[in-house]
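Read off the chains here:
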Amino acid sequence: EIISYVESGAYDRELAAAAAPAAQFIAERAARRTPGERLTLVLDIDETVLSNLPTMRPNDFGYVPAVWDAWVARAEAPVIPATLTVFESARKLGVEIVFITGRRESARPGTEKNLRAAGLGDYAGLFFKPNESSDSTEKFKTETRRRLIAEGRVIIANIGDQESDLAGGLAERTFKLPAPFYLTQ
């Protein structure tokens, strides 16, 4: 079912349909910016801006840690066009981009290389779960957004493919992308 969904083009259409309102909201919100506001867009990485389908599919959508680590280190994940468009339009409007990922800190080198190669290198922050953390991804992401707000940022939008990317609020608007491949907390 998942392969048919992707190959039919339905997945890409649904990604575009979910991302379009985010781009529109960001543009409208940026137009209402007050002096001194540090408008920020928070983005998840996996299946939000980068697609891991090229490694998931040959592994029957299973998670094999050594295969995953090698994939991330190779920095070959393709960009998701719909969210690249949101990213680019937000940057043109002067909105800062912050990535908050459930990837561990040890994945930083490959992730940074992949983001740059995918046209996503113009960001203001990139936050990884600490290698030794036993906190849930949801808690990590919520606490990171809380810190960004404490630093004076205004999180106008948060985009992710998992509920754990968006839970806890702390953004003016949240946008959920389709998530057919896996569910995490």
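Please refer to the structure higher up on the page.
For clarity, every value in this text was computed on a predicted model and none was experimentally measured.

Rules used in this analysis
Residues numbered from 1 in each chain as written. Predicted model: local features only at pLDDT ≥ 70, side-chain atom pairs only at ≥ 80, totals over all residues. Heavy atoms only, no water. Helix = DSSP H or I, 4+ residues; strand = E, 2+ residues; numbered from the N terminus. Contact = heavy atoms within 4.5 Å. 1 Å grid on protein atoms, 1.4 Å probe; cavity = no way out; pocket = protein on both sides within 12 Å on 5 of 7 lines; lining within 4 Å. Points joined across faces, edges and corners; volume = space filled by probe spheres on them. Salt bridge = Lys/Arg side-chain N within 4 Å of Asp/Glu carboxyl O. Buried < 20%, exposed > 50% of the residue type's maximum accessible area, 1.4 Å probe, protein only.

## Remarks on the environment of Ala19
Piece 1. By the secondary structure assignment, Ala19 is in helix α2 (residues 10-31).
Piece 2. When the C-alpha atoms of Ala19 and Val86 are compared, they prove to be 6.9 Å apart, with 67 residues separating the residues in sequence.
Piece 3. The contacts of Ala19, once residues within four sequence positions are left out, are Ala82, Val86 and Leu177.

## Examining the layout of surface pockets
Piece 1. Estimated volume of the largest pocket: approximately 830 Å³.
Piece 2. Looking at the largest pocket, it is lined by 35 residues, and the ones nearest its centre are Asp46, Tyr63, Trp68, Gly102 and Arg103.
Piece 3. Mapped onto the lining of the largest pocket, the elements with two or more residues apiece are α3 (53-56), α4 (65-74), β2 (96-104), α6 (108-117), α7 (137-150) and α8 (163-166).
Piece 4. Sorting elements by how many residues they give to the lining of the largest pocket places α4 first, with five residues.

## A short note on the pattern of salt bridges
Piece 1. Considering all chains together, one arrives at 15 salt bridges under this definition.
Piece 2. Residue Asp44 is joined to Lys141 by a salt bridge in which the shortest nitrogen-to-oxygen separation is 2.8 Å. Taken together, the residues Asp44 in the loop between β1 (38-43) and α3 and Lys141 in helix α7 connect sequence positions 97 residues apart.
Piece 3. Looking at Asp44, the relative accessible area reads 5%, which means it is buried.
Piece 4. A single salt-bridge network, built from bridges that share partners, covers Arg38, Glu96, Glu151 and Arg153.

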